[in-house]
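An overview of the molecular structure
Now for the letters of each chain:
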Amino acid sequence: MSKIKIGLLIIFVCAVVAVSGCMASPLKLVISYPGSWNGTITTDSSGTQNIEGTGDETIELGSMTGGLTVHVEKQEPSNDTLKLSLIRGDETIQEGSSAVESTGGELDDAWISVYLTP
């Protein structure tokens, strides 16, 4: 009987470690665009943070749960696509990009809005 209890305890500990590892995976925002851009990252826990840069950039967001909204816009008119990717560990959680307008032009901004769970 004690071998069964020890086996169950080992399985339980492994499951807790596996779940903890998933929750601890850092969140990254990847911005892909050849030109200048700026925007905001808004979270339930820390409010709004301004971001800006030129070219491709990865922003480490750490481990977080709750609401997250990202808005990034081009700083000059361009037909190049602005792409956002929200990544946790090796998994892409959500993507957003500037979309082509019905008139054929490229929009100037991209959005991601997601509620993150552990």
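Preceding this section is the structure that the text describes.
Scope of this entry: the structure provided in the associated data block. Just so you know, these numbers come straight off a predicted model, no measurement behind them.

On to the overall build of the protein. What the protein contains, in helices and strands, is one helix and eight strands. Tracing the protein from N to C terminus, the helices and strands come up as α-β-β-β-β-β-β-β-β. With 118 residues in all, the protein has 31% of them scored as buried. Within the protein, contacts between residues at least 6 apart in sequence are counted, and of these 62% link residues at least 24 apart.

Here we come to the pairing of strand E7 (residues 91–97). Sheet topology places strand E6 (residues 83–88) next to E7; six bridges connect them, and they run antiparallel. By the bridge assignment, Leu86 is partnered in E7 with Gln94.

The full count for this structure, using the stated rule, is one salt bridge. Residue Lys83 pairs with Glu95 through a salt bridge whose shortest N-O separation is 3.4 Å. Of the two residues, Lys83 is situated in strand E6 and Glu95 in strand E7; the sequence distance between them amounts to 12 residues. When its relative accessible area of 34% is taken as the criterion, Lys83 is described as partly exposed. Glu95 sits in the partly exposed class, given a relative accessible area of 47%.

The strand order across the open sheet formed by four strands is E4-E1-E6-E7, and the pairing between neighbours is antiparallel. Taken across any chain shown, the strands that pair with only one partner, and hence form the sheet edges, are strand E4 (57–62) and E7. Between one strand axis and the next, the sheet turns by 20° as a mean value, whatever way the strands run.

On to the sheet that holds strand E3 (residues 47–54). Strand order in this open sheet of four strands is E3-E2-E5-E8, and the pairing throughout is antiparallel. For this open sheet the edge positions go to E3 and strand E8 (109–116), each flanked by a neighbour on one side alone. Each strand of the sheet is rotated relative to its neighbour by a mean of 15°, with strand direction disregarded. By the bridge criterion, eight bridges tie strand E2 (residues 36–43) to E3 in an arrangement that is antiparallel. Bridging across to E3, Asn38 finds its partner in Glu52.

Core analysis: the biggest nonpolar cluster contains 20 residues, and Leu29, Ile31, Leu61 and Leu68 have the highest contact counts within it. For this core, the secondary-structure elements that each account for two or more residues are strand E1 (27–32), E2, E4, strand E5 (66–74), E6 and E8. Top element by residues in this core is E8. It accounts for four residues. Among all residues touching Leu29, those that are not within four sequence positions of it are Ile41, Ile51, Glu57, Thr58, Ile59, Leu61, Val70, Leu84, Ser85 and Ile112.

Each value, and the rule that gives it
Residues numbered from 1 in each chain as written. Predicted model: local features only at pLDDT ≥ 70, side-chain atom pairs only at ≥ 80, totals over all residues. Heavy atoms only, no water. Helix = DSSP H or I, 4+ residues; strand = E, 2+ residues; numbered from the N terminus. Buried < 20%, exposed > 50% of the residue type's maximum accessible area, 1.4 Å probe, protein only. Contact = heavy atoms within 4.5 Å. Pairing = 2+ DSSP bridges. Salt bridge = Lys/Arg side-chain N within 4 Å of Asp/Glu carboxyl O. Axes fitted to C-alpha atoms, helices over the stretch in contact; angles between N-to-C directions. Core = buried A, V, L, I, M, F, W, Y, C linked by side-chain atoms within 4.5 Å.

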